[in-house]
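# Survey of secondary and tertiary structure
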Amino acid sequence: MSLKVDQTATAFTFKGGMLPMTVMELNSPDPERISAQLAGKLSQSPAFFQHTPVVLSVEKLDDTALALERLCAVCRSHKLLPVAVRGGSEGIKQSAWALGLGWFPPQESRESRTLESVTPPPDRVPAASSAPSGGRIFRGTVRSGQQISAAEGDLVVVGAVNAGAEVLAAGSVHIYGPLRGRALAGIHGDRDCGIFCHELHAELLSVAGNYKRLEDIDPSLLNTTVQVRLRDNQLSIEALV
Amino acid sequence: MARIIVVTSGKGGVGKTTSAAAIATGLALKGNKTVVIDFDVGLRNLDLIMGCERRVVYDLVNVIQGEAGLNQAMIRDKRTDNLYILPASQTRDKDALTLEGVEQVLDKLSEDFDYIVCDSPAGIERGAQLAMYFADEAIVVTNPEVSSVRDSDRILGLLASKTRRAEQGQDPVVERLLITRYDPNRVDSGDMLNLEDIQEILAIKLIGLIPESEAVLRSSNSGVPVTHDQDSDAGQAYSDTVARLLGDEKPLRFHQLQKKSFLSRIFGGGRR
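Remember, predicted model here, so these are calculated numbers, not experimental data. (Residues numbered from 1 in each chain as written. Chains lettered and ligands numbered in written order. Predicted model: local features only at pLDDT ≥ 70, side-chain atom pairs only at ≥ 80, totals over all residues. Heavy atoms only, no water.)

We now examine the overall build of chain A. Check the secondary structure of chain A and you find four helices and 15 strands. When burial is assessed residue by residue, chain A has 42% of its 241 residues classed as buried. Surface accessibility of chain A: about 13,200 Å² in total, with carbon and sulfur atoms responsible for 54%. (Helix = DSSP H or I, 4+ residues; strand = E, 2+ residues; numbered from the N terminus. Buried < 20%, exposed > 50% of the residue type's maximum accessible area, 1.4 Å probe, protein only. Areas by Shrake-Rupley, 256 points an atom, 1.4 Å probe, with all protein chains shown as cover.)

See below:
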C-alpha cells in the first residue's frame, strides 16, 4: 500500500483510477423540480453538498426537452459540481463538450449494486487523504430506512442505529449507542479510520470497502463495546475496555 | 382546532383499524367530538369494525372529488354520541386521494371536531403518507415481533421527515407507541419480544399495551369497537390508552404473567 511509487522525474504519469463518483440519474428534465428536490436533500444532509462532483445521467430521459446549461446552473447553485454527462443523443454529447463537461456512453448493464457503489473495492488507492475536518454529529435514533452520511470527516451518532439504517462517513464512524444497522467508514478509501460503537449488533461493518456481515462476527463480541479497524488488510474487531 | 391523530404501523395486520376504532370510540365516550377517517382506499375495513357497513353511501373519495358534501359522507355512530365515521372508497385506489383534497377535508373537520383519528393503510406508500402528512400526533401500533418492530421504526423515520410538521419545521409530530397482541405467557417463554426490548429499539413513549384477547376478534366480527366491552382486558386496556392520550396517568396493566389457579390450569380458563 505504498503511495510513493509514482514520484519519479517525469512531470506526470497517467494512471487509471476508479474514483467513487455520484451519478445523478435524472427522471425529469424540469429544472424547477430538480431544484426543489435538491433543496430538500440539501437540508437533510448538508455535508454531502460540498462541491461534490456528479455525473448527470440522462439515459432515462427523452433528452429533446433537456436544457443542459440550465441544469448545470441549478446543480452549481446547490453546491454540486457537474463534471460529465452520461448517455443521451448526439446533441447532448455536443452540448456537454461545449459546456466543458465530459461525456460517457450509456451504461449497458444496470443491475443495482448499491453496496459496491458506496464501498470502493479494497485494493483501491485512497482518492485523497482527507483531513478530518468537516464531519457531522447526529443526535437521536437513526431509524430503519434512514441513511446518515458525512461526505467529509467523521460521523458521530449520539443514539442508536437501528436495523435497516445505514451510517456512512469518509472518516471514522462513532456510535454512542447500540449499532444494529450498517456502518461504513472510509467510504472514499481512507484505510486509517475505524468504527466505534457501544453495543455491537451490526448488520454490516465496512472500513474502506473491507466488510464483515453479522454472520461473520464472532458471537462473543456481540453486544459489547468495540472498535473496528483494518489490520493487515483484514477487518479486525476488538473489544474496547 | 382539532387534534389530528394518525394510527399507523407500516406492517399490515397488527391492529391499526381495531385500534383506530377503539381509540376513537374511547375519545367520544369521554365527551370529545370525534371523527375517525378510513384512509385505506380500496381495502375499506373500518366500517365493518365500527358496524356501519350497511349505512355507507358516500365516502372520502367522493368528498375529495366534490361529488358529495362532508355531512353526506359522514356516518353518525349509533352507539356513541359525538362519534362519526368517514369511510373509504372500496372501488377506487390510493391515487384517488390528493394532498390538497385531504387537507381541505381535514381543515373543514377541524372546525367542528375535537379529535380527528386517521386510520392509515399498511405500507409506506402514498396512502400511508397522506394519512400521516397532516398529523399532530401519531400512534404507532406494534406487535411484539421483530418484523413489526422494524416496520414501526421505518414509519417513525417517515413521521420525522415526511409530514407537514417536519417539512415546515414546526414542533415534531408527537410519537406514541401502542403495543398490541401482547401475550405475557409467550413473552415469558421467549416466543415474543418483551416490552422493554421494543421500547429500547423504538425509543418513544408508550401510550398503551393491549393484551392478546379473544374479545378483539369477537368485537371485530360483531362490529362493536372493543372499547364497549369493558368486561374484557382489551377493552379496559384501550380505555387506559385513551385516558393516557387525554393526559391522565394510568399504571400499565396486563403486561405481567398472571398466575393461574389450579382449577383454571386444569380447565384451561381462557381470557375473556
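Look at Asn223(A): it is not a glycine, yet its phi comes out positive at around 65°. A positive phi angle is found at Phe254(B), which is not glycine, with a value near 65°. As for its position among the elements, Phe254(B) is in the loop between α12 (233–245) and α13 (262–267).

Residue and element names in this part refer to chain A. Summarising burial for strand β3 (residues 80–86): five of the seven residues are buried, a large majority. Relative to β3, strand β2 (residues 52–57) runs parallel, the two being bridged by six bridges. Following the sheet pairing, Ser57 is matched in β3 by Arg86. In this sheet, strand β4 (residues 102–104) lies alongside β3 in parallel orientation, the contact comprising three bridges. (Pairing = 2+ DSSP bridges.)

All names here are of chain A. Strand order across the open sheet formed by five strands is β6-β8-β10-β12-β13, with mixed pairing between neighbours. A strand with exactly one partner marks an edge of an open sheet, and here the two such strands are β6 (147–150) and β13 (210–213). Ignoring which end each strand starts from, the neighbouring axes of this sheet average 5° apart. Strand direction decides the pairing type here: strand β8 (residues 166–169) and strand β10 (residues 182–185), joined by three bridges, are parallel. In the strand pairing of β10, Glu166 is matched with Arg182. (Axes fitted to C-alpha atoms, helices over the stretch in contact; angles between N-to-C directions.)

All chains considered together, the criterion is met by two aromatic pairs over all chains. Ring centres of Tyr84(B) and Phe113(B) lie 5.5 Å apart, and the angle between their planes is 80°; on these two criteria the pair is classed as edge-to-face. Of this pair, Tyr84(B) sits in strand β4 (residues 83–86) while Phe113(B) sits in the loop between α5 (99–112) and β5 (115–119), and the two are 29 residues apart along the sequence. Summarising the burial analysis for this pair, Tyr84(B) and Phe113(B) share the class buried. Across the ring face of Trp103(A), the terminal group of Lys93(A) is positioned such that the distance to the ring centre comes to 4.6 Å. Over the aromatic face of Phe113(B) sits the side chain of Lys33(B), whose NZ or CZ is 4.9 Å from the ring centroid. (Phe/Tyr/Trp six-rings, centres within 6.5 Å; stacked < 30°, edge-to-face > 60°. Lys NZ or Arg CZ within 6 Å of the ring centre and 35° of its normal.)

All names here are of chain B. Following both chains from N to C, one finds helix α1 (residues 16–29) and α12 inclined at 65°, their axes separated by 9 Å at the closest point. Seen along the crossing, α1 lies across α12 with a hand that is right-handed. For the pair α1 and α12, contact is made by Thr18, Ser19, Ala22, Ile23, Gly26 and Leu27 and by Tyr238, Thr241, Val242 and Leu245, respectively. Split by residue class, the contact of α1 with α12 holds six nonpolar, four polar and no charged. (Left-handed = near helix turned anticlockwise from the far one by under 90°. Contact = heavy atoms within 4.5 Å. Nonpolar A, V, L, I, M, F, W, Y, C, P; charged D, E, K, R; others polar.)

What follows covers the confidence of the model for chain A. Mean pLDDT over chain A: 81, with 85% of residues reaching 70 or higher. Counted against residues more than four places away or in other chains, residues 109–132 of chain A, with its pLDDT under 50, gives 32 contacts. (pLDDT = per-residue confidence, 0-100.)

Judged by nonpolar contacts, the single largest core of 86 residues is most densely connected at Val35(B), Ile37(B), Leu86(B), Leu109(B), Ile116(B) and Leu159(B). If you tally residues by element for this core, the top one is α1(B), at seven residues. Not counting the four nearest positions on each side in its chain, Ile116(B) is found in contact with Ala2(B), Arg3(B), Ile4(B), Ile5(B), Val35(B), Ile37(B), Leu106(B), Leu109(B) and Ser110(B). Among the nonpolar cores identified, the runner-up in size contains 30 residues, and Val173(A), Cys193(A), Val207(A) and Ala208(A) belong to it. (Core = buried A, V, L, I, M, F, W, Y, C linked by side-chain atoms within 4.5 Å.)

A few words on the interface of chain A and chain B. Chain A puts 11 residues into the contact, and the matching count from chain B is 10 residues. The junction of chain A with chain B conceals about 850 Å² of combined surface from both sides, 39% of it contributed by carbon and sulfur atoms. Our count for the contact surface shared by chain A and chain B stands at three salt bridges. Here Glu203(A) and Arg150(B) are joined by a salt bridge, their closest N and O atoms 3.4 Å apart. Our count for the contact surface shared by chain A and chain B stands at seven residue pairs in polar contact (both at pLDDT 80 or more). Classifying every residue of the side of chain A that touches chain B gives two nonpolar, five polar and four charged. (Buried area = accessible area lost by both parts, 1.4 Å probe. Salt bridge = Lys/Arg side-chain N within 4 Å of Asp/Glu carboxyl O. Polar contact = N/O pair within 3.5 Å; in protein donor to acceptor, adjacent residues only side chain to side chain.)

All names here are of chain B. Within this numbering scheme, the UniProt entry marks Lys11, Gly12, Gly13, Val14, Gly15, Lys16, Thr17 and Thr18 as carrying the feature "binding site: ATP" (unreviewed entry). Here Gly12 shows up in the loop between β1 (3–8) and α1. Judged by its relative accessible area of 37%, Gly12 falls in the partly exposed class. Checked against the element boundaries, Lys16 lands in helix α1. If we ignore the near neighbours within four places in the chain, the residues touching Lys16 are Val7, Thr8, Ser9, Lys11, Asp119, Ser120, Pro121, Ala122 and Val141. (UniProt positions renumbered as here; feature names shortened; annotations may be inferred.)

With that out of the way, let us pick up the pairing of β1(B). On a regular strand, one side chain projects to one face of the sheet and the next to the other, so that they alternate. All names here are of chain B. Here β1 lies mainly inside the structure; five of its six residues are buried. Here five bridges tie β1 to β5, and the two strands are oriented parallel to one another. In the strand pairing of β5, Val6 is matched with Cys118. Of the strand pairs in this sheet, β1 and strand β6 (residues 137–142) are connected by four bridges, and their pairing is parallel.

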